[in-house]
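Listed here are the chains, written in short residue letters.
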Amino acid sequence: MSVFAVDPLLAGEVGLEVLAVVLFKVLVVFVLLIVSVMLMIWAERKIISDMQNRIGPTRAGPWGILQTLADGLKLIFKEDLIPDNANRTVFKLAPLLTLVPAFLTFSIIPLGGDFTDKDGVISLFGNDTYLQLADPPIGLLLFLAMSSVAVYGIMLAGWSSGSKYPLLGSVRATSQMISYEAALGLTVAAVFLQSGSFSTHTIVSEQSVWQWNMWFTGFVPMAIFMIAATAELNRPPFDLVEAEQELVGGFHTEYSSIRFALFYLAEFMNTITISAIVVTIFLGGPNGPIFIDAVAWLWPILWFTVKLFALLFTFIWMRATLPRFRYDQLMDLGWKVLTPVALGWLLFLGARDVANDRGWNPVLVVGVAVTAFAVFGALLLRAVRMGKQVRELEEMRG
Amino acid sequence: MGYLNGFRVTFNKMFEDRVTTEYPEEKQEKPDRLHGRHVLNRYEDGMEKCIGCELCAAVCPAKCIYVRGKDNPPDDPVSPGERFGFVYEINYLRCIHCDLCVEACPTEAITESKLFEFSFSNRSDAIYTRDELIVDDDGRPQQMPWEDWRPPPDWA
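Residues numbered from 1 in each chain as written. Chains lettered and ligands numbered in written order. Predicted model: local features only at pLDDT ≥ 70, side-chain atom pairs only at ≥ 80, totals over all residues. Heavy atoms only, no water.

Of the regular secondary structure elements, chain B holds five helices and five strands. Ordering the α and β elements of chain B from the N terminus gives α-β-α-β-β-α-β-α-β-α. Counting only C-alpha atoms, chain B reaches 85 × 30 × 30 Å along its principal axes. Taking all 156 residues of chain B together, 35% fall into the buried category. The contacts of chain B with a sequence gap of at least 6 include a subset with a gap of at least 24, amounting to 70%. Carbon together with sulfur atoms contributes 51% to the accessible area of chain B, which is approximately 10,000 Å² in total. Chain B carries 19 positive and 30 negative side-chain charges, and their two centres are separated by 6 Å. (Helix = DSSP H or I, 4+ residues; strand = E, 2+ residues; numbered from the N terminus. Buried < 20%, exposed > 50% of the residue type's maximum accessible area, 1.4 Å probe, protein only. Contact = heavy atoms within 4.5 Å. Areas by Shrake-Rupley, 256 points an atom, 1.4 Å probe, with all protein chains shown as cover. Lys, Arg positive; Asp, Glu negative; His and termini not counted. Charge placed at Lys NZ, Arg CZ, Asp CG, Glu CD.)

Spelled out as structure tokens, the structure:
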């Protein structure tokens, strides 16, 4: 077993054929992600216009499906501007720093494979392998690390532009992402507790057809993860980073041409990747009932796609519905609601596991946990109120 | 739960009718008082109504009308008055379709049609001359090659 993967493909000797299979998988995942980003942008524009009584893009291709391609081609032919005040190296690096993590994170997603009795192993050109690009033992930690690196992309983009609105945007981005990273990490920790592994493959195989982590962790971590992920992605209602009315374009104000396109691409790619992560860690990944044995390999991929689309639709739906948060509301929600609740819920899940191990009375454990929750919740609420009163008092004194 | 109601509203909107008119394929009826491009009218006997008084050019806020009047040739008068519009040009890159020229005209020689679908690719096309503005023998405007006259045509 190598450090890089526990994929059966790499278990034996790694020859030229194995290398070819890996390259093939890299190519497939790359193309798949690019194409799905294209479709995602189109779908988002279509669904948003549906929700606003409009029709959306109709001109490029049937139902406007090639609109993204047309936009991309147009952007490539635009002039690539670099402002005089910009730090040229960092300015050029920043779009890549947001794009590459999105690709890397997608490589740990199990896209298919029968997990009910074959442990997700499929046969590709006579080689047994997982239908995921890589299965590092640190799996989800890689995801957390990559989502943190993506923050640097946005932060450096704003900083290196050398003008004020991008800088304001990147300051917002940094504080917003750091605030929500805490809640995100704590909910992922709840999944670690449930599955006992960081490896995405193991997390999926721990779940089965209908037994998803979403139920076992009590739905709260998933809700918090979704909210925190929206904030991490800078999607509405948390798109303060690029709030048009206040910051022109936010961190990407000074970007044009292909570099702007890369930011745009990365944003949607991250949306898809994070939805795929939610599917993997909370919704059982490609797990699902298999109906026709002749095309048994197709069903897991189908279930994965269905779950992914449902989540993407939720993201689009949220964008169409919710107005943007004010900056202090954003911080309040992150620090005073999501982080304490995620932390409390993690403790609760831990207590549940310990109680199971030791054979404690479950009713008593739940009772104690609820009481502790109520007490600490009340204390926290009181602390928040006190802080507010003190601030108001100081403001009155001047 | 105000937020959740919002989700219901946006979801239900997906199944409602669209308000978009898909313009080149379908066209809305034009408003009664639409100000389109101008025409120079003629009397029923074919005489031009324009008497070359230049009031339209004087009143034009965008200064897009250029008129030069000239005495009618006695043997072959162009207009029933003393003078006629010898040169008459309207620059549609400047015209704001305010209709003041129509109001200023003492003989109703210049009026506005409801044509607005025209796009030119050079500046000389944008300047409509007297020959282009004048109505034909049936009293209808002449169609320029760069004008889109597809139905529903709707003349005032």
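Of the residues in chain B, 94% have a pLDDT of 70 or more, and the chain-wide mean is 86. Here the predicted complex carries an ipTM of 0.71, next to a pTM of 0.80. (pLDDT = per-residue confidence, 0-100.)

To continue, consider the pairing of strand β3 (residues 83-91) of chain B. Within a regular strand, the side chains alternate between the two sheet faces. Residue and element names in this part refer to chain B. Of the strand pairs in this sheet, strand β2 (residues 65-71) and β3 are connected by seven bridges, and their pairing is antiparallel. Following the sheet pairing, Val67 is matched in β3 by Tyr88. Of the strand pairs in this sheet, β3 and strand β5 (residues 127-128) are connected by two bridges, and their pairing is antiparallel. Looking at the pairing, Ile90 lines up with Tyr128 of β5. (Pairing = 2+ DSSP bridges.)

Residue and element names in this part refer to chain A. Within the fold, Arg391 resides in helix α13 (residues 362-397). Residue classification places Arg391 among the partly exposed residues on the basis of a relative accessible area of 45%. Through-space distance from the C-alpha of Arg391 to that of Tyr255 is 40 Å; in sequence the pair is 136 residues apart.

Ordered by their spatial adjacency, three strands build an open sheet running β2-β3-β5 (chain B), and the pairing between neighbours is antiparallel. The open sheet is flanked by β2 and β5 of chain B, the only strands paired with a single partner.

Quick look at the packing of aromatic side chains now. Aromatic rings in a pair are described by how distant their centres are and how their planes are angled relative to each other. Residue and element names in this part refer to chain A. Within this structure, the stated rule accounts for 29 aromatic pairs over all chains. Taken together, a centroid distance of 4.9 Å and an interplanar angle of 15 degrees make the contact between Phe30 and Phe103 stacked. Here Phe30 is found in helix α1 (residues 16-51), whereas its partner Phe103 is found in helix α3 (residues 88-106), with 73 residues between them in sequence. Residue Phe103 is classed as buried on the basis of its relative accessible area of 19%. Judged by centre distance (5.6 Å) and plane angle (40 degrees), the rings of Trp210 and Trp212 are tilted. (Phe/Tyr/Trp six-rings, centres within 6.5 Å; stacked < 30°, edge-to-face > 60°.)

Moving on: the packing of helix α5 (residues 164-195) of chain A against helix α8 (residues 220-233) of chain A. Residue and element names in this part refer to chain A. Interhelical geometry of α5 versus α8 gives an angle of 150 degrees and a closest axis separation of 9 Å. When the interaxial angle is binned, α5 and α8 end up roughly antiparallel. For the pair α5 and α8, the sense of crossing is left-handed. Residues Gln176, Met177, Tyr180, Glu181, Ala183, Leu184, Thr187, Val188 and Ala190 of α5 pack against Pro221, Ile224, Phe225, Ala228, Ala229, Ala231 and Glu232 of α8. Split into classes, the residues belonging to the contact of α5 with α8 amount to twelve nonpolar, two polar and two charged. (Axes fitted to C-alpha atoms, helices over the stretch in contact; angles between N-to-C directions. Parallel < 35°, antiparallel > 145°, perpendicular 65-115°, else oblique. Left-handed = near helix turned anticlockwise from the far one by under 90°. Nonpolar A, V, L, I, M, F, W, Y, C, P; charged D, E, K, R; others polar.)

With that out of the way, let us pick up empty space enclosed by the protein. With the rule as written, the count across this model stands at four cavities of 30 Å³ or more. Around the largest cavity, the lining comprises 21 residues; the ones closest to its centre are Ala150(A), Glu232(A), Leu233(A), Ala266(A) and Asn270(A). Those elements that place two or more of their residues in the lining of the largest cavity are α3, α4 (139-160), α8 and α10 (257-282) of chain A. Looking at the lining of the largest cavity, the element that brings in the most residues is α10(A), giving six residues. Counted by class, the lining of the largest cavity contains twelve nonpolar, six polar and three charged residues. Of the voids in this model, the second largest cavity is the one considered here, and its volume is about 70 Å³. For the second largest cavity, the full set of lining residues is Leu40(B), Cys50(B), Ile51(B), Cys53(B), Cys56(B), Tyr88(B), Cys105(B), Pro106(B), Thr107(B), Ala109(B) and Ile110(B). (1 Å grid on protein atoms, 1.4 Å probe; cavity = no way out; pocket = protein on both sides within 12 Å on 5 of 7 lines; lining within 4 Å. Points joined across faces, edges and corners; volume = space filled by probe spheres on them.)

The next subject is the layout of surface pockets. Residue and element names in this part refer to chain A. Of the pockets and cavities examined, the largest pocket occupies roughly 890 Å³. Together, 37 residues line the largest pocket, and Leu32, Leu111, Ile301, Phe304 and Thr305 are the ones closest to its centre. Every element with two or more residues in the lining of the largest pocket is listed here: α1, β1 (121-124) and α11 (298-321). Sort the elements by how many residues they give to the lining of the largest pocket and α1 lands first, with twelve residues. Counted by class, the lining of the largest pocket contains 28 nonpolar, five polar and four charged residues.

A few words now on the side chain of Asn91(B). All names here are of chain B. Of note, Asn91 is situated in strand β3. A residue is classified by how much of its surface remains accessible, and Asn91, at 19% relative accessible area, is buried. At 2.9 Å, the side chain of Asn91 forms a polar contact with the backbone nitrogen of Leu93. (Polar contact = N/O pair within 3.5 Å; in protein donor to acceptor, adjacent residues only side chain to side chain.)

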